[in-house]
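Residues per chain, in single letters:
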Amino acid sequence: MEGGAATFSLAYAVLAVCFVLPPSEFHSAGLTVPQLLGGWLGSEDAAFVQFHLRRGAGTLLAHALLPLGYYVGMCFAAPEKQLCDVYKAPDSWKVFFLLAVLAPTLAGLLVYYWSKKGWKNHPLVKVLSLYALPQSGWAAVAASINTEFRRVDKFATGPPGARVIVTDSWIMKVTTYCLHLAHQRDIHLTVVDSRQHELLPDSHMPAQFLTIRVDSVNPGVKPFDIRLNSTEYGELREKLHAPIRSAANVVIRQSLSDLFLETFALLVERNQTYSVESSQDLDPCVGCMQTTANVKLFKNCQEPDEGECQPCFCRPMWCLSCLGRWFASRQDQQQPETWLSSRVPCPTCRAKFCILDVCAIR
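Every value quoted in this text rests on a predicted model; they were computed, and no experiment measured them.

Chemist: Explain the overall build of the protein chain residue by residue, including any values.
Modeler: When its secondary structure is counted, the protein chain shows 12 helices and 12 strands. Its C-alpha atoms give the protein chain a radius of gyration of 29 Å, clearly above 21 Å, the size a compact globule of 362 residues would have. Along the first, second and third principal axes, the C-alpha set of the protein chain runs to 100 × 60 × 40 Å. With 362 residues in all, the protein chain has 40% of them scored as buried. Once local pairs closer than 6 in sequence are excluded, the contacts in the protein chain between residues at least 24 apart make up 57%. As presented, the protein chain carries roughly 20500 Å² of accessible surface, and 58% of it is formed by carbon and sulfur atoms.

Chemist: Account for helix H8 (residues 123-130), with residues named and values stated.
Modeler: If you check which residues of H8 are buried, you get Leu124, Val125, Val127 and Leu128. The buried residues of H8 occupy an angular sector of 160° when the element is viewed end-on, so they sit on one face. Contact partners of the buried residues in H8: helix H5 (48-64), helix H7 (91-119), helix H9 (138-149) and strand S4 (179-183).

Chemist: Tell me about a nonpolar patch on the surface, and please be specific about residues and values.
Modeler: On the surface, Val95, Leu99, Leu102, Leu106 and Leu109 cluster together to form a nonpolar patch covering roughly 480 Å² of accessible area. Checked against the element boundaries, leucine 109 lands in helix H7. Looking at leucine 109, the relative accessible area reads 53%, which means it is exposed.

Chemist: So what's going on with the nonpolar core? Residues and values would help.
Modeler: Of all hydrophobic cores here, the largest spans 44 residues; its most connected members are Phe48, Leu128, Ile145, Ile171, Leu181, Leu189 and Leu236. Ranked by residues supplied to this core, first place goes to H9 with 5 residues. Excluding residues within four positions of it along the chain, isoleucine 171 makes contact with Ile165, Val166, His180, Leu181, Ala182, Gln184, Ile187, Leu189, Val214, Phe224, Ile226 and Leu240. Counting residues in hydrophobic clusters, the runner-up holds 23 residues, among them Phe260, Trp326, Ala328 and Cys346.

Quick notes on the rules
- Residues take numbers from 1 onward in each chain, read along the sequence in its written order.
- A pLDDT threshold of at least 70 governs which residues receive local features in this predicted model, and a stricter bar of 80 or more applies before side-chain atom pairs are shown or counted, although totals over entire chains, interfaces and linings include all residues.
- Hydrogens are left out, water is left out, and the side-chain values use all remaining heavy atoms of the structure.
- Secondary structure elements are defined from DSSP: runs of H or I of at least 4 residues count as helices, runs of E of at least 2 residues count as strands, and each element is numbered from the N terminus.
- Using C-alpha atoms as the atom set, the radius of gyration is obtained and then compared with a globule rule of 2.2 Å times the number of residues to the power 0.38.
- When a residue's accessible area, from a 1.4 Å probe over protein chains only, is under 20% of the maximum for its type it is buried; when over 50% it is exposed; and in between it is partly exposed.
- Contacts: residue pairs with any heavy atoms within 4.5 Å of one another.
- Only the protein chains shown count as covering a residue, and every accessible area follows the Shrake-Rupley method with a 1.4 Å probe.
- It is the directions from the helix axis to the C-beta atoms whose arc is reported.
- Exposure above 30% relative accessible area and the absence of a salt bridge qualify a residue for a patch, where like charges join within 9 Å and nonpolar side chains (Val, Leu, Ile, Met, Phe, Trp, Tyr) within 5 Å.
- By definition, a salt bridge exists where a carboxyl oxygen of Asp or Glu is found within 4 Å of a side-chain nitrogen of Lys or Arg.
- Take the buried residues of types Ala, Val, Leu, Ile, Met, Phe, Trp, Tyr and Cys, join any two whose side-chain atoms come within 4.5 Å, and each joined set is a nonpolar core.

In C-alpha cells form, the structure reads like this:
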C-alpha cells in the first residue's frame, strides 16, 4: 500500500473507532450520532423511549456507512488504483465495494421494516407490548417510562454506550444500538462477576466494578447485564424493589465510607446508652428527616473537664447514620487510619466529641 493510502487508512481507522466508540473529546465536539442527528431524534427528556427507538436506528445506519466512506476516501487517497471506476478496480476492491454498498442497504431495509406501522416491528416495541394492557398498547407503556425518566430521583450511571437507568418501576440499559428494559416487579437480580481495577484515570483511586445479571420472569424479555462501580451499589439497592443475590464466588467490596459507617455503628452499640423521659417526644433527624433522632452526644470518654472533648447540651436531633456520615465527612480522606480516634465538632453547637461520646437513646 502506497504512503498516502496507508496514512489515510490509519487515520480513517482511528476516526471510525472513535465514531463508533466516541471518547469524551468527540462528545465535547458534537461528533456523535445523537448529536449529529439531534434534529431528527428529538429530546431524550421529552420522549425517552421514542428518542432511543430513532437513536438506535440512526446509529445502525451511520455505522453501516463507514465502509463505503472508506472506499470513497480511497478513491482520492490512491488514484492509481482507479477505484472511481469500479469496473477497472482490482478484484479485491470490487468485493469490498460490494460489501460496502450491501451493509447500508441491509441496514436501511431493516430500519424500514422496524419503522412500519409506527415502529410496531421494532424489538423494543415488542418488549413494551408485553407490558401493555389490551385496551391501550405499547405507546401507553412508553408514556409511563417517559414520565418516570423525567423525575429527578431516578438512578443513572455509566458511560453513554452502557448507561444504567433505574426508575420507580423500570430498570434499563442503554447501549450503542439498543435499549434493554425490564419491569421491576418481574426481575431477579444476581451479581455474577466483580473486577478490581487498581487505578481509575479520573479519580486515581482503586475501584471494584460489579456485573449484575437482570433476568425477567417474562419469557419475552431477554436477560441483560448491567455494570457499575461498587461504590454505587448501595444507591442502586435503595432504588430497586427486588433483592440482589450474589454468586458464591463474588465478594462485594464496600466503599471506605460504608465500611466506616458499619464500624461506627458497632462501636456506638458498645457505648453507654442515654435515657430520655417517657414524656419527651423525639423529633425526626434533622439530617435525613426520615428517621427519628436516636443518638445523643454525652461526654463519656473522660471527666467533664479533661481532654479535648467537650460537653454537648443539644437535645437529640440526629440519627446514628447521619451522625456517622457527618463524622466521616470531617476526616482527612487520605488518612483513614486516624478516623476512629479523631474528634469532630457537634454539627449543631460545635462542641468537640469522639466516638465514645455517641450514645444510643433507649
